[in-house]
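For reference, the chains in residue letters:
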Amino acid sequence: MTIIDTLKNLVHSSPKLELDDIQATILFKRPDPYYGTHVLLKIIDAAGGRALLSRLAPHVRSAADARINTTAWIAVALSHAGLVALDIPEDSLASFPAAFRAGMAARADRLQDFGASAPANWEAPYGSGDVHVTISIFAPDEASWKHALATAQNEFKDIDGVTLLGMHDFGAQPDSLNPFGYRDNISNPAIDGGIEDLLPGQGDAIKAGELILGYPGESGVPMAMPQPEALGRNGTFVVIRKYQADAAAFNRFLRDNADDEAGQELLAAKLVGRWRSGAPLTLAPEKDDPALGADPKRNNDFTYKDDQAGLQAPHGCHMRRMNPRDSKLAVLTDVNIHRIIRRSTTFGAPWRADLLEDDGQERGLFFIGISAKAPETVEFMQAEWVDHGNFMDLGKERDPILGQQDEDSTFTIQKRPVRQRIHGIQTFCTVRGGEYLFMPSLTALRWLAGEGRETA
Ligand code: HEM
């Protein structure tokens with residue numbers, strides 16, 4: 001074998017992922033239906049922070065464990081301010097990417113977080129620099145959720161150098177509907193060398209290095225990794241954004257722009273690209289097919305090859321913007337380098353089809369995006385795909401679900417002989433806070449806890 005062949009093999013063969021070191025959340029979908037809690041903590045002194053991580057580390061589920069244990073699991077991540085509070089060496093801090101070091105609030109202009117979504121209007125403690133550690137519990141049932149939460153609480157409640165800032169429960173049962181009534185948690189990238197069964201329609205597996213640090217990415221080489229290797233390898237980045245969903249305004253928009261209930265459901269499908277049941281418009285263009293929507297072997301098995309005109313899934317619908325697949329784009333883009341793993345969680349009162357006025361109940365979604373460059377990826381998606389229509393020849397139109405709309409904003413549905421342009425689309429989602437986080441490997445958790453490094 002020539003050196004060239006060896007190099008080619010290195011580039012093309014699937015890497016063996018170190019599953020016992022990678023946190024489960026990266027490689028496993030959240031359950032459906034699901035229960036859980038996000039816990040936000042501040043490190044008051046480095047010794048307390050190290051004690052916290054040392055006590056949590058044995059409970060954090062690895063991907064290897066998740067293959068045999070499917071009950072509730074615990075995931076841990078840290079902000080840049082958290083790494084600073086842990087007193088890790090300056091050169092390690094400097095080895096993290098600029099966006100992560102700056103933090104989400106400081107990147108508001110790149111994320112298009114303005115107006116009601118601007119950091120000045122966020123809920124405490126987001127964006128204050130106080131969120132240092134997050135613990136997330138994901139559970140398939142109430143009993144194992146409560147047990148895992150109690151386990152985590154037991155480990156942090158009596159540590160002097162750590163303060164609890166807040167806890168936010170989430171979950172959706174029984175049908176896992178998100179705050180606008182859609183089935184979600186459907187489409188995620190397949191990871192080269194990953195462990196979940198490949199589902200029809202997932203397309204070519206994305207090189208592991210796009211999603212986990214320490215492995216070759218789409219370019220054939222690993223991305224720059226936080227140093228030392230014990231800290232960076234098998235870790236990744238997480239973007240968490242808390243969205244308040246105006247479900248009443250969404251329902252009113254559907255009512256005001258359709259003749260009857262069937263028309264409203266079709267419009268809801270056109271806004272996302274899927275019927276609320278999860279059935280994609282490209283496979284069920286005329287009417288909903290709930291059995292298709294519920295079938296993971298069929299509900300993502302499509303491309304836009306035969307719908308380049310957008311007659312089925314409109315060019316500007318949410319999921320076509322967020323993953324254009326093989327759509328012909330007006331701005332040349334390699335879609336594979338902008339993929340992100342989603343582990344988003346719905347919170348608050350369940351969705352109601354008849355909700356037309358604000359009932360004073362909280363409803364929303366924690367968007368959770370994971371990749372080896374998640375902050376940069378989400379900044380790209382927000383700036384290029386959510387808040388601009390140019391890449392799809394849609395001018396100033398924004399994403400109908402996520403866009404911060406103006407008074408005269410529109411949503412276009414491609415049709416023959418003439419397209420339909422709906423005026424008066426409103427802002428349905430407002431950002432209430434968020435953080436850029438680093439999700440360390442299990443080795444890195446112990447390194448951060450002080451094992452194998454000098455601490456003051
Ligand atoms: C309240 C906020 C949001 C709502 C209600 C929402 C809703 C949905 C729904 C219903 C789907 C289709 C079902 C699925 O594939 O799981 C979807 C897909 C998707 N969303 Fe969102 N989403 C939200 C925020 C975001 C954000 C902030 C991003 C990224 C910046 C994002 C990226 C995606 C992606 C990548 C897909 C999959 C597209 C595909 O592969 O076909 N979403 N979303």
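So, here is what we can say about the structure in this document. (Residues numbered from 1 in each chain as written. Predicted model: local features only at pLDDT ≥ 70, side-chain atom pairs only at ≥ 80, totals over all residues. Heavy atoms only, no water.)

1. A word on the site of the ligand
Where we set the bar: Nearness is judged by heavy atoms alone; a residue qualifies as near a molecule or strand once a single heavy atom is within 4 Å of it. We call two N or O atoms a polar contact when they sit within 3.5 Å, provided that within protein one can donate a hydrogen and the other can accept it, with sequence-adjacent residues counted only if both atoms are side-chain atoms. Only runs of H or I of at least four residues qualify as helices and only runs of E of at least two qualify as strands under DSSP, and these elements are numbered from the N terminus. Charged means Asp, Glu, Lys or Arg here, nonpolar means Ala, Val, Leu, Ile, Met, Phe, Trp, Tyr, Cys or Pro, and polar covers whatever is left, Gly included. For the domains described, the bounds stem from an automatic or database domain assignment.
Near the ligand you find 23 residues, and of these Ile 186, Ser 187, His 318, Asn 323 and Arg 325 are the closest. Here a nitrogen atom of the ligand sits 2.9 Å away from a polar atom, N or O, in the side chain of His 318. Here an oxygen atom of the ligand and a side-chain polar atom of Arg 325 are 2.7 Å apart. Elements with a minimum of two residues in the shell around the ligand: α14 (318-322) and β8 (363-371). The element contributing the most residues to the shell around the ligand is α14, with 3 residues. Looking at the shell around the ligand residue by residue, the classes come out as 13 nonpolar, 5 polar and 5 charged. The residue makeup of the shell around the ligand includes at least three contributed by each of domain 1 (18-243 + 438-448) and domain 2 (245-340 + 376-434).

2. A look at the packing of helix α3 (residues 46-56) against helix α9 (residues 142-156)
Quick note on the threshold: Between N-to-C directions, angles cover 0 to 180 degrees, with each direction set by a line fitted to C-alpha atoms, over the stretch in contact for helices. Helix crossings are classified by the rotation of the near helix relative to the far one: an anticlockwise turn of less than a right angle makes the crossing left-handed, while a clockwise turn makes it right-handed. In what follows, a contact means two residues having at least one pair of non-hydrogen atoms within 4.5 Å.
Taken N-terminus to C-terminus, the directions of α3 and α9 make an angle of 150°; their axes are 9 Å apart at the nearest point. The handedness of the crossing between α3 and α9 comes out as right-handed. When α3 is examined against α9, the residues Leu 52, Arg 55 and Leu 56 are found in contact with a partner set consisting of Ala 152, Asn 154, Glu 155 and Phe 156. For the contact of α3 with α9, a count of residues per class yields 4 nonpolar, 1 polar and 2 charged.

3. Quick look at the pairing of strand β10 (residues 420-423)
Stated formally: Strand pairing follows a simple DSSP-based rule, namely that at least 2 bridges must link the two strands.
Pairing of strand β9 (residues 410-413) with β10 involves 4 bridges; the strand directions are antiparallel. Bridge assignment links Ile 413 to a residue of β10, and that residue is Gln 420. From the end of β9 to the start of β10, which pair antiparallel, there are 6 residues.

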